[in-house]
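An overview of the molecular structure
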Amino acid sequence: MSTPFSVDLNCDLGESFGAYRMGNDEQLLPYVTSANIACGFHAGDPSVMRKTVQLCLQHNVAIGAHPGLPDLVGFGRREMAVTPEEVYDMTVYQIGALQAFAQAEGGTLHHVKPHGALYNMAATNINLAEAIAEAIYKVKPEAILYGLAGSELMKAGIRLGLQTANEVFADRTYQQNGTLTSRKLPNALIIDHEAAVQQVIRMIKEGKVRSLQGQDVGIQADTVCIHGDGLHALEFASHIRAALRIEGIAVAAKETPRG
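About the thresholds
Residues numbered from 1 in each chain as written. Predicted model: local features only at pLDDT ≥ 70, side-chain atom pairs only at ≥ 80, totals over all residues. Heavy atoms only, no water. Salt bridge = Lys/Arg side-chain N within 4 Å of Asp/Glu carboxyl O. Helix = DSSP H or I, 4+ residues; strand = E, 2+ residues; numbered from the N terminus. Buried < 20%, exposed > 50% of the residue type's maximum accessible area, 1.4 Å probe, protein only. Contact = heavy atoms within 4.5 Å. Phe/Tyr/Trp six-rings, centres within 6.5 Å; stacked < 30°, edge-to-face > 60°. Expected span 1.5 Å × (residues − 1). Arc of directions from axis to C-beta. Patch = residues over 30% accessible without salt bridge, like charges linked within 9 Å, V, L, I, M, F, W, Y side chains within 5 Å. Areas by Shrake-Rupley, 256 points an atom, 1.4 Å probe, with all protein chains shown as cover.

A look at the pattern of salt bridges
Should their charged atoms come close, side chains of opposite charge can pair. Applying the stated criterion to the full structure yields 11 salt bridges. The shortest N-O distance in the salt bridge between Arg159 and Glu130 comes to 3.1 Å. Of the two residues, Arg159 sits in helix α6 (residues 152-160) while Glu130 sits in helix α5 (residues 126-139), which places them 29 residues apart along the sequence. Counted as one network, the salt bridges with shared partners bring together Arg202, Glu206, Arg210 and Asp216.

Comments concerning unusual backbone geometry
Of note in this structure, Asn60 is not a glycine but carries a positive phi near 60°. Tracing the backbone shows Asn60 in the loop between α2 (46-58) and β3 (62-66). According to the relative accessible area criterion, Asn60 is exposed, its value standing at 70%. The backbone of Asn187 sits at a positive phi, close to 65°, despite the residue not being glycine. For Asn187, the location among the structural elements is in the loop between β6 (164-169) and α7 (193-206).

Overview of the environment of Phe169
The topology assignment puts Phe169 in strand β6. By relative accessible area, which is 3% here, Phe169 ends up buried. Counting along the chain gives 58 residues from Phe169 to His227, while the straight-line C-alpha distance between them is 8.7 Å. Phe169 has contacts with Tyr119, Leu148, Tyr174, Leu180, Gln199, Met203, Cys225 and His227, leaving out every residue within four places of it along the chain.

Digging into the packing of aromatic side chains
Scanning the entire structure with this criterion turns up two aromatic pairs. Centroid distance Phe41 to Tyr93: 5.5 Å. Interplanar angle 50°. Geometry classified as tilted. Taken together, the residues span a long stretch of sequence, with Phe41 in the loop between β2 (34-38) and α2 and Tyr93 in helix α3 (residues 84-104) at a distance of 52 residues. Ring centres of Tyr119 and Phe169 lie 5.9 Å apart, and the angle between their planes is 90°; on these two criteria the pair is classed as edge-to-face.

Regarding α2
Taking 1.5 Å of rise per residue, the 13 residues of α2 would be expected to cover 18 Å, and the 19 Å separating its terminal C-alpha atoms lies within 8% of that figure. If you check which residues of α2 are buried, you get Val48, Met49, Thr52, Val53, Leu55 and Cys56. Burial along α2 is one-sided: seen end-on, the buried residues are contained in an arc of 160°. In this structure, α2 carries Pro46 and Gln58 as exposed residues pointing more than 90 degrees from its buried face. Structurally, α2 contributes buried residues whose contacts are with β1 (6-13), α1 (25-28), β2, β3 and α3. One or two positions beyond α2, positive phi appears at Asn60, with a value near 60°.

Focus: a nonpolar patch on the surface
Where nonpolar side chains cluster on the molecular surface, the patch consists of Phe17, Tyr20 and Leu72 and spans about 330 Å² of accessible area. Tracing the backbone shows Tyr20 in the loop between β1 and α1. Judged by relative accessible area, Tyr20 falls into the exposed class, the value being 64%.

What to know about the side chain of Asp71
Note that Asp71 resides in the loop between β3 and α3. The class for Asp71 is buried, based on a relative accessible area of 7%.

The quantities given are spatial measurements derived from coordinates; they are silent on function.
Structure, rendered in structure tokens:
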């Protein structure tokens, strides 16, 4: 009997750069169903991109581009005064790079998820959201746009006819307006495994999340982000995957439209 609940588990990967190593990519891949691969602007480099694509294909994990702001030092988490035209260009550039590696290795680009500050800026800025959605539409219109649930980015994707996946977070707290609590503020991160699991299950089954202000916020959970750069990322991922199985929630990447 099929379960009425299904969710994708995604993880940001390929964030090493040159001689610097970050994350536990190979260990995390068995627990997720889609991966967002850094494209060289906030993290990653050509060799890391290729190797991460290969790992995803070995583990049957959906391949996604993870375009970010050009800020290696700040890991793409610092806001920049970029125009919609610049966001469009840098998104096209990064999607194209990752798509080329996917094709060269015999795979295909499944989705696009902006990274860090770019992700958060596009969640509330209509013009930046539309620039990202247009870049995807022009390069690979069948790719799925991953973005913050209910955000301007999701609305922009829908307006252009893109398939979208509303993303929720296992390890982040929420504000009353549905946005993520800024990492600059206290209590932005959830470090207790059980608290993270309960938040995820409630978002999937009830469509609600408790904000830091103490009130429930309606939310749609198509895909759950598990950050791969945390100190206990592997333990976190295995704990959530096991809890979803116990709850009878199926885990699978979202299918792309057939052309």
